[in-house]
Amino acid sequence: MRIERAHVLVGIDAGAVLAGAREVQRKLEEEIKKRGLEDEVRVLETGSLGITGRGVVLLVYPEGVYYVNVKLEDVPQIVEEHLLKGRFVKRLMLEPQIAEILARGEAPKKLARQKRVVLQNAGVINPDSIEEYIATGGYEALAKALESSPEWVINEIENSGLRGRGGAGFPTGRKWRITADVKASQKFVVCNADEGEPGTFKDRLILEGDPHKVLEGMIIAGYAVGAKRGYLYIRGEYELSIRRIGKAIEDAYKMGLLGDNILETGFSFHVEIKKGAGAYVCGEETALIESIEGKRGNPRPKPPYYPGVKGLWGYPTVVNNVETLANVPPIILNGASWFRSIGTRESPGTKVYTILGHVNEPGLIEVEMGTTLKEVIFDFAKGIRNNRQFKAALIGGAAGAFLGRDALDIPLSYEGLKEYGGVLGSGAILVFDEATSIVDMLKNVIFFFKHESCGKCVPCRVGISKLYEKMERIAVSKGSEKDFKEMMEISDKMADTALCALGQSVILPLSSAVKFFKSELIS
Amino acid sequence: MVKDVLSKFEPRRENLLDILHAVQETSPNNSLSSEDIEMIAKYVGITPAEVYGTATFYTMFSVKPRGKHVIRVCVSPACHLLGGESILEALKEELGVDVGDTTKDGLFTLEISSCLGICGVAPAMMIDEIAYGNLTPARVRDIINEYRRGG
């Protein structure tokens, strides 16, 4: 094996690509070759480096120096100064104060303040290399699980208090136990990577930054519940994720970490990718199951068809979100009590958030559960743009709640938000400044539901259209008390009678907007 | 040609979405024709109505011929907040078509998307597989003109 003295990681995510990351990568390789450094310095393409809104980001090891907003013309200087002469290019370094910390050999402040469990490897290792994943302790959790009983694995996940990170927050251990307890000739594990919630792209970055972690979580889930097959259902639009996870699956098969008789323990597990085709409702687990079966993604009524008991082709099926599965290997490796030591009592662990809208630094962070909204907006996203005031945030995606200034101090956790009438959802935080119209945003959210309703059940199909018609009128001239009373009644009925979470959740954005921003909506 | 694509898949219902993706990818107008649908139905062993019903459910498939380039503008709350509507309006005006329609020269089809998953660079759009972010109406016009020059 060739040993390089330096690694340059190029963060490749949508934002960086738009800023020219590919061109910078090519130029780096070119310059390195020109200087005859190709045997000493390795350029690696990796997922998001966790610093967004700063153009092309490079991370140079072993020093751990971040360069941001790197332009093509900066590349020769980085190669000449840093890689050849060992001097940092200060003007491109992350931040002057962080540069000082770096010079002292400490971790960058911005990342140190985050608590990275799920994203620990993202931006650090080459996601296309199974060897690098294994070198960071990857697949050790699988080995540990396979040496133990499925019962022990389920107990560990139950004791950890891990709750589903897809939106609903259902206890993962309980989900697994339900399926493990059913006697059936076949069982399945499905990884839900059909991330369609507006404002959310965390799962994409987990898949692209550390695909093996998700895969390892899936295999462990399969062992725990007694499944031999798994499906990874992924958004059709996520080309890079599909390629990365495809490579990960291929390499895991080659290493004997997938397939028959894994690590010679007698346990067999096979994984296949299923590509979605653009339908938000397919993120709902029963609709997703229908889609894997090659049908329209119409949700199934549940009960009676709870997928844990009767899912894919009628067999018991565990459906877990990407972020949930990525939490599994660290829990198995470090133990349930370690996981409990992070976050809050009722919401242990960390949460990955996407912070967007009128903030200075939009992007993605992973912090402990219980971090307040104020910290997230003002410390991590560096406050509101253009020196404006904070007005509101839509938390949890389109199916989330509009929360106002009073919400700034609430700790972000399942219970913290519930107390305030909100939900954690998929972890999208859309921030509005003082000039934003709540009427306009509410109309946009209702349009989203109208566009994405699958039309199978009457409450959702008809209800949403009625709500949108009203909202269109209200957007022209404010609504009356009566308008909103009717809208609440419709969405209440939808919450009671719609087949799935799509039709059931329009009540939350609507009721929260009315509750916290009444004067703006009603004349 | 469709036959060659089909032979890559086992004729099972669970492969239908993959088959639809693959057939559409080889189509010159980014869509599924009624002949395609009938061939797929016969191959999988289901009715054309079932294939049609499944294809029309998903936004990535089209049974209507589309232009050479498919433009998908994100209208999610994240993009809307940062001016997504002005992007869509600029495109409608520049192309002279409404959402769902194809330009007369057959070069572009304008569509909307509920979220493209690149919210960090909102407002955003995708033309075929290429993402464009931090858009302004002026930039949108430049991009369209570049495509026009490139064909």
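Keep in mind it's a predicted model, so treat the numbers as computed, not measured.

Notes on helix α18 (residues 438–452) of chain A
Residue and element names in this part refer to chain A.
Logical step 1: Over its 15 residues, α18 runs 21 Å from end to end, which matches the ideal 21 Å to within 8%, given 1.5 Å per residue.
Logical step 2: Taken together, the buried positions of α18 are Ile 438, Val 439, Met 441, Leu 442, Asn 444, Val 445, Ile 446, Phe 448, Phe 449 and Glu 452.
Logical step 3: Two or three places before Val 439, at the opening of α18, Ser 437 has a side-chain oxygen 3.3 Å from that residue's backbone nitrogen.

Focus on the interface of chain A and chain B
Logical step 1: Taken together, the contact between chain A and chain B spans 54 residues of the former and 37 residues of the latter.
Logical step 2: Buried area between chain A and chain B, summed over both chains or domains, comes out near 3400 Å², and the portion from carbon and sulfur atoms is 60%.
Logical step 3: Taken together, chain A and chain B are joined by 4 salt bridges.
Logical step 4: Note that Lys275(A) and Glu25(B) form a salt bridge whose closest N and O atoms lie 3.8 Å from each other.
Logical step 5: Viewed at the interface, chain B and chain A are joined by 18 residue pairs in polar contact (both at pLDDT 80 or more).
Logical step 6: At the level of elements, α1 (14–18), β6 (229–234), β7 (270–275), α13 (285–292), β9 (350–357), β13 (428–433) and α18 of chain A are the ones that each hand at least two residues to the side of chain A that touches chain B.
Logical step 7: Among the elements that take part in the side of chain A that touches chain B, α18(A) stands out by supplying 8 residues, more than any other.

Quick look at unusual backbone geometry
Logical step 1: Here the residue pair Tyr61(A) and Pro62(A) is connected by a cis peptide bond, since its omega of 10 degrees sits within 30 degrees of zero.
Logical step 2: Tracing the sequence through the fold places Pro62(A) in the loop between β3 (58–61) and β4 (65–67).
Logical step 3: Each neighbour pair has its own omega, and for Ala122(B) with Pro123(B) the value is -5 degrees, a cis peptide bond.
Logical step 4: Structurally, the position occupied by Pro123(B) is in the loop between β2 (108–113) and β3 (125–127).
Logical step 5: The backbone phi angle of Leu263(A) is positive, close to 50 degrees, even though this residue is not glycine.

Here we look at the sheet that holds strand β8 (residues 317–321) of chain A
All names here are of chain A.
Logical step 1: The parallel open sheet is built from 4 strands, whose spatial order is β7-β6-β5-β8. The sheet is open, and its two borders are formed by β7 and β8, each paired with just one other strand. Averaged over all pairs of adjacent strands, the angle between their axes in this sheet comes to 20 degrees, without regard to strand direction.
Logical step 2: Pairing between β6 and β7: 6 bridges, direction parallel. In the strand pairing of β7, Tyr 231 is matched with Glu 272.
Logical step 3: Sheet contacts for helix α14 (residues 322–334): β5 (188–193) and β8; angle to β8, the most-contacted strand, approximately 95 degrees.

Cut-offs and rules
Residues numbered from 1 in each chain as written. Chains lettered and ligands numbered in written order. Predicted model: local features only at pLDDT ≥ 70, side-chain atom pairs only at ≥ 80, totals over all residues. Heavy atoms only, no water. Helix = DSSP H or I, 4+ residues; strand = E, 2+ residues; numbered from the N terminus. Expected span 1.5 Å × (residues − 1). Buried < 20%, exposed > 50% of the residue type's maximum accessible area, 1.4 Å probe, protein only. Polar contact = N/O pair within 3.5 Å; in protein donor to acceptor, adjacent residues only side chain to side chain. Contact = heavy atoms within 4.5 Å. Buried area = accessible area lost by both parts, 1.4 Å probe. Salt bridge = Lys/Arg side-chain N within 4 Å of Asp/Glu carboxyl O. Pairing = 2+ DSSP bridges. Axes fitted to C-alpha atoms, helices over the stretch in contact; angles between N-to-C directions.

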